[in-house]
Amino acid sequence: MISAYAESLAASLSFDRSLARRVRQEIEDHLQEVVAADATSDPLDAQRRAIANFGDPRVIAAQFAIASLGGQTRKVGATIVLVIAGVFLAMATRLTWYDLTQWAVCEATRPLGETLGLIDRAAFCFAVLSGCAGWACVGRGRTPIAFDPSYHRRLRRFLLLCTLAAGGLVASVVCDALLTVLRLSGWEFSVAFLVPLLSMALEIACASLVVIHIRDIARRTASTAALTG
Amino acid sequence: MEGEMLKGHLDMIVLAALAAGPAHGYAVIEEVKRRSGQRFDLPEGTVYPVLHRLEQAGLLVSRWVTAESGRRRRIYALTKRGGSELAGQREVWEQFSAAIDGLLGGARPRRTSA
C-alpha cells in the first residue's frame, strides 16, 4: 500500500526522473517510519492512517514540482549567462588568433563580412541584455509555496527573455560560422585551421546547450502548471 | 493552532527544528511536535516540499544515509545561510510578537531600532 502511494506520487513527477526517484524513496521511508512507530493497531490500519495523514499525492507532487522549478529556473538563468560568456571567449580567441597569424579576409568578401560582423555584434549584444534580464528575473526572491498567477507571470517573462537570448545567441553563432567560412575559404587546410574550427564548435555547443535548457524548463513549467491546475 | 497561521510560518518552523542538528523529515515533524508541546501537528505531506524548497534556496543541505532498518534516508542540515535566515526570521518574529502583545494587552508597543 505504501509503495503504491509513493509510486503514484512519483508518477506525477515523471517529467523529472531524479526528483521522482528521490521523492519516492523519501516518502516511502517516512511512511514506513510512521507505521513502525504506530503500535496501536494492525499494520494495514496503520498504513492506511499514515497515508491519509500524509495527504493527496497530487497536491504534494505539485508542491515538490514548484519547489524544484524554482531551483531549476535559477540554474538555467545562470547557465545562460555563463554560456554567453563562453561564446564571447570563443569569439575573442578566434579574433586574437586571426590577428596573431595575420589571417586577412579576402577583398572580394570584405563587404559581406562587414555586414555579417554588424549583425553578429547586434545579435550578441541583444543576447547579453536578454540573458542578464532573464537571470535577474528569477535570480532574486524565494520560490513561492503556491504556483500563483504572479509567479506564473514571472516564469513566462523569464521564458520569453531566455528565448530572446537564445535567438540572439543563435543568430550571432550563425553569423560567426559564416564569417569563419569567409575567412577560411581560399586557404589550404592546415593546423592553423584548428583554432577557428574548435572555437566555432564550442560556440555551436554553447548555443545548443542554451536551446536544450530552455526547452527543458518550458516543459517543466508546463508540467508544473498542469499539476497545480 | 490555526492551520493557515502555521502554514505562513512553515519555513521558520522547519529551520528552527533543524537548528538542533541534522535530521530526516520524520524527525523534523516529531521535533516540531515535541518542542511545541504537541500543539503544532504539521500536515506531514507538506513538510517534505518545504525541506526541498529550503534546500533549493541554499538554506539547507541534504544527503542520503542508510538507516538501521536498511532503508535509504535523506538527512537535512542547516547551512550557514540557513542559520542567518533563521536568526533574521526570529528577530522579525520577536518584534511582531512584542507588538501584538502590546496591542492585545492594551499597552503601547515597544519601539525597536529595526
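Look up: the structure comes first, before these words.
In short, a report on the structure. (Residues numbered from 1 in each chain as written. Chains lettered and ligands numbered in written order. Predicted model: local features only at pLDDT ≥ 70, side-chain atom pairs only at ≥ 80, totals over all residues. Heavy atoms only, no water.)

1. Topic: the sheet that holds strand S3 (residues 72–78) of chain B
All names here are of chain B.
And step 1. Spatial strand order, S1-S3-S2: 3 strands in an open sheet with antiparallel pairing. What marks the edges here is a single partner per strand, and that holds for strand S1 (23–24) and strand S2 (60–66).
And step 2. In this sheet, S3 lies alongside S2 in antiparallel orientation, the contact comprising 7 bridges. In the strand pairing of S3, Ser62 is matched with Tyr76. (Pairing = 2+ DSSP bridges. Helix = DSSP H or I, 4+ residues; strand = E, 2+ residues; numbered from the N terminus.)

2. As for the packing of helix H2 (residues 17–37) of chain A against helix H4 (residues 44–56) of chain B
And step 1. Where H2(A) meets H4(B), the closest approach of the two axes is 11 Å, and the angle between their N-to-C directions is 135°. Classified by the angle between their axes, H2(A) and H4(B) sit oblique to one another. Both H2(A) and H4(B) take part in a crossing whose hand is right-handed. Of the residues in H4(B), those in contact with Leu19(A), Arg22(A), Glu26(A), Ile27(A), His30(A) and Val34(A) of H2(A) are Glu44(B), Tyr48(B), His52(B) and Glu55(B). (Axes fitted to C-alpha atoms, helices over the stretch in contact; angles between N-to-C directions. Parallel < 35°, antiparallel > 145°, perpendicular 65-115°, else oblique. Left-handed = near helix turned anticlockwise from the far one by under 90°. Contact = heavy atoms within 4.5 Å.)

3. Observations regarding the packing of aromatic side chains
And step 1. Within the structure shown, the criterion is met by 4 aromatic pairs over all chains.
And step 2. Centroid distance Tyr5(A) to Phe54(A): 6.1 Å. Interplanar angle 85°. Geometry classified as edge-to-face. Placement of the pair is Tyr5(A) in helix H1 (residues 2–11) and Phe54(A) in helix H3 (residues 43–54), with a sequence separation of 49 residues. By the burial criterion, Tyr5(A) is buried, and Phe54(A) matches it.
And step 3. Where Trp93(B) meets Phe96(B), the ring centres are 5.8 Å apart and the plane angle is 45°; that geometry is what we call tilted. With Trp93(B) and Phe96(B) both in helix H5 (residues 80–105) and 3 residues apart, this pair spans about one turn of that helix. (Phe/Tyr/Trp six-rings, centres within 6.5 Å; stacked < 30°, edge-to-face > 60°. Buried < 20%, exposed > 50% of the residue type's maximum accessible area, 1.4 Å probe, protein only.)

4. Observations concerning the pattern of salt bridges
And step 1. Applying the stated rule across the entire model yields 18 salt bridges over all chains.
And step 2. The shortest N-O distance in the salt bridge between Arg73(B) and Glu33(A) comes to 2.4 Å. Of the two residues, Arg73(B) sits in strand S3 while Glu33(A) sits in helix H2, which places them in two different chains.
And step 3. With relative accessibility at 11%, the residue Arg73(B) sits in the buried group.
And step 4. One network of salt bridges, in which partners are shared, links Asp16(A), Asp216(A), Arg219(A) and Arg220(A). (Salt bridge = Lys/Arg side-chain N within 4 Å of Asp/Glu carboxyl O.)

5. Observations concerning the interface of chain B and chain A
Size of an interface: often given as the accessible area lost when the parts come together.
And step 1. Listed per partner, the contact involves 26 residues of chain B and 25 residues of chain A.
And step 2. Regarding the contact of chain B and chain A, the summed buried area is about 2400 Å², with carbon and sulfur atoms giving 53% of it.
And step 3. Taken as a group, Tyr26(B), Tyr48(B) and Arg53(B) account for 27% of the area that chain B buries against chain A, more than any other trio of residues on that side.
And step 4. Where chain B touches chain A, the interface holds 10 residue pairs in polar contact (both at pLDDT 80 or more).
And step 5. Ranked by residues supplied to the side of chain B that touches chain A, first place goes to H4(B) with 10 residues.
And step 6. Classifying every residue of the side of chain B that touches chain A by side-chain character gives 9 nonpolar, 7 polar and 10 charged. (Buried area = accessible area lost by both parts, 1.4 Å probe. Polar contact = N/O pair within 3.5 Å; in protein donor to acceptor, adjacent residues only side chain to side chain. Nonpolar A, V, L, I, M, F, W, Y, C, P; charged D, E, K, R; others polar.)

6. Re the nonpolar core
As a rule of thumb, nonpolar side chains are buried together in soluble globular proteins.
And step 1. Counting residues in each nonpolar core, the largest one holds 48 residues, and the members touching the most others are Leu9(A), Leu13(A), Ile27(A) and Phe64(A).
And step 2. Counting residues per element, the ones that place at least two in this core are H1, H2, H3 and helix H4 (57–101) of chain A together with helix H2 (10–18), helix H3 (25–35) and H4 of chain B.
And step 3. With 8 residues, the single largest contributor to this core is H2(B).
And step 4. Once residues within four sequence positions are removed from consideration, Ile27(A) is found in contact with Tyr5(A), Leu9(A), Phe54(A), Phe64(A) and Tyr48(B).
And step 5. Of all hydrophobic cores here, the second largest spans 29 residues; its members include Ile80(A), Ala127(A), Val138(A) and Ala207(A). (Core = buried A, V, L, I, M, F, W, Y, C linked by side-chain atoms within 4.5 Å.)

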